[in-house]
Amino acid sequence: MISLFHKKQTWRWFSPRVKTRNFTIIGGLVIVVLTIVVLVAVSQLDVIREYFSRASGKPADLTINTKAVLGPLPRPWRHLAQGGEGHDWRLQPLAGQVKAIKPAYIRIDHLYDFYDIVQGTPGNLSFDFSKLDPLLDDILATGAKPYIALSYMPPAISAGDIVAKPQRWQDWQLVVQKTVEHISGTKGISEVYYEVWNEPDLFGGWKYYGDKNYLTLYTYAVKGAQNARGVKPFKIGGPGITALYKNWFDALAKHAIANNLRYDFFSWHRYTTNLNQYPKDIGDVYAWIQQYPQLEPTLEFHITEWGHDSENHTGYDGRYGAAHTVAGAIKMTGLVQKAFVFEIQDGKDPQGQAHWGRWGLFTHQDAGAQAKPRYYALQMLDSLGDQRLEVSGEGYWVKALAARDNQGNTQVVVVNYDAYAKHSENVPITFTNIQPGKYLLKTQLLNGQAQEQQVATTAAILKTQLVMPVNTVAKVELSSLNNPEPIATPRPILPDQDAGQAKHQPYPTAQPINLSGEQSSTSPYGSAGATQSTQDNKSETINQQPSPIRIY
């Protein structure tokens, strides 16, 4: 009986009906497993792409065409933002240093919870801008104009905390009207930008639908701005979301068109170590706007906060942050209309440290308001001349931006940015279409190290090499000298002993530029694998796998 039973069970397993059922179950399990694998792969697509990109990452071989002027040099980095670090924060102590980097706009948020503008009760409000005015004057003193984030909800009209809805929407409308009338009217500041809220998807959990609807918040803000009287030209938009989301873009575009609302700019934030995300964002948003021909001719696109991490990160205090800032700015040049570096100054560390990974270009006032490398990086970028020149040969890690100044000097800012803080590189730099003659080649690093050398050429090309340790920024300038006496001559024609023919060196090669202070066992001026000192590495350690962005 037992053997017959087992035979029966075996027969049942292989019967056509059971086989079909079992194969169906197995097939379903396979599909589930494959689906999970695909979902995991998609969620890690950036990591996978980064892995293969690094593995095949090509080194740079830069060529600057000194005659190929592309037009005026765009400067998207000339915009700064300040977060909610303190109710009594003033720009005035830093005004001279901030003015030196020539900001065009300075963005401030926490307008209504920090500056005590709105008093009274719903339906019975009064307004006092005396606490805000000194900060507006500070901004103007730097040569910049204000970019105002209309946030957060004034406690006097809120139905809850500072990120809640107002008790009456008419009060929110009036608050915005009076704000625009004061800044663009009483203060007489033209071309102010008003951004409706700051990160609504995070601060307050606003949606573009439902009971707590950002579109309602935007509608009443625009109505208030349109009701403002006696004002100079201004612009209004939003939403300043935590990243670029198509559903938000579509919702606001459709709402503005359907309700005939003013809509001058669309804004978002972008914190990422992936430099390619910046041009991807712009490519995406320019593709999306094609669906809205009513908005396309005039709608501007702004990144109103950007950096490598939305959380505190040690990189903000050192050359990692400087390299990211320069590389990110280069990737955005010519693409982004406005990109706001976040932020100007650190808040105060609860533990009393001067450097605590905060986002500022400067440490807190109590820590001496010391400028960080990111500040000097912006200063170096902005020292470029006004005529943008063509640059080719960028690599995976090394990016460059070139310009010609009013004296005819050729300048190039070069950055070696590696999110994993590993890669160093020797960068060939070739200047083409130059006049034969004598030149001064100057190179400078952010830390003040500098080098000069004189070279001469009878050709229209000059080549040098720049040793760049990981996460460093340098500026190279080629300027003509009038002295006709040669300082250096091109390499002569040398016999090729193997072929029995003459070999010609077509261009002079300047001495390699090494400002790193490092030595290599294979070269007197360093190698592509050169690294920082052990102590420097200890203070500049970056996680090998950048953590996912989290917004606070």
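These lines cover the structure that appears in this document, whether it is placed above or below. Since the structure is predicted, the reported quantities are computational estimates derived from the model, not experimental observations. (Residues numbered from 1 in each chain as written. Predicted model: local features only at pLDDT ≥ 70, side-chain atom pairs only at ≥ 80, totals over all residues. Heavy atoms only, no water.)

### What to know about the packing of aromatic side chains
Right, on to step 1. Evaluation of the coordinates by the stated rule reveals 31 aromatic pairs.
Right, on to step 2. Residues Tyr147 and Tyr193 carry aromatic rings whose centres are separated by 5.3 Å and whose planes lie at 10° to one another, so their mutual orientation is stacked. Taken together, the residues Tyr147 in strand β6 (residues 145–150) and Tyr193 in strand β7 (residues 192–196) connect sequence positions 46 residues apart.
Right, on to step 3. A relative accessible area of 0% means that Tyr147 is categorised as buried.
Right, on to step 4. With a centroid separation of 6.0 Å and 70° between ring planes, the pair formed by Trp172 and Trp197 is classed as edge-to-face. With Trp172 in helix α7 (residues 169–186) and Trp197 in the loop between β7 and α8 (214–227), the pair connects residues that are 25 residues apart, well separated along the chain.
Right, on to step 5. By relative accessible area, which is 0% here, Trp197 ends up buried.
Right, on to step 6. By way of ring pairs, the aromatic residues Tyr112, Tyr152, Trp172, Trp197, Phe203 and Trp206 are connected into one cluster.
Right, on to step 7. Across from the ring centre of Tyr220, 5.2 Å away, lies the NZ or CZ of Lys223, which sits over that ring.
Right, on to step 8. We note Arg262 situated over the ring of Phe234; from NZ or CZ to the ring centre the distance is 4.5 Å. (Phe/Tyr/Trp six-rings, centres within 6.5 Å; stacked < 30°, edge-to-face > 60°. Helix = DSSP H or I, 4+ residues; strand = E, 2+ residues; numbered from the N terminus. Buried < 20%, exposed > 50% of the residue type's maximum accessible area, 1.4 Å probe, protein only. Lys NZ or Arg CZ within 6 Å of the ring centre and 35° of its normal.)

### Here's the deal with the side chain of Thr325
Right, on to step 1. Looking at where Thr325 falls in the secondary structure, it is placed in helix α11 (residues 319–332).
Right, on to step 2. Separated by 2.8 Å, the side chain of Thr325 and the backbone oxygen of Gly321 make a polar contact.
Right, on to step 3. A distance of 3.1 Å separates polar atoms of two side chains, one belonging to Thr325 and the other to Arg374.
Right, on to step 4. With near-sequence residues (within four places) excluded, Thr325 lies in contact with Trp306, Arg374 and Leu378. (Polar contact = N/O pair within 3.5 Å; in protein donor to acceptor, adjacent residues only side chain to side chain. Contact = heavy atoms within 4.5 Å.)

### Some details on the sheet that holds strand β3 (residues 105–108)
Right, on to step 1. Read around the barrel, eight strands follow the order β2-β3-β6-β7-β8-β9-β10-β11 and close on themselves; strand pairing throughout is parallel. Pairwise comparison of adjacent strand axes, ignoring direction, gives a mean angle of 25° for this sheet.
Right, on to step 2. Direction of pairing for strand β9 (residues 265–271) relative to strand β10 (residues 300–307): parallel, over a ladder of seven bridges. What sits directly across from Tyr271, in β10, is Gly307.
Right, on to step 3. Sitting on the sheet, helix α6 (residues 133–141) is in contact with β3 and β6, with an inclination near 140° to β6. (Pairing = 2+ DSSP bridges. Axes fitted to C-alpha atoms, helices over the stretch in contact; angles between N-to-C directions.)

### Looking at the environment of Ser479
Right, on to step 1. With respect to the helices and strands, the residue Ser479 is situated in strand β19 (residues 472–481).
Right, on to step 2. Residues Ser479 and Gln407, spaced 72 residues apart in sequence, show a C-alpha to C-alpha distance of 8.5 Å.

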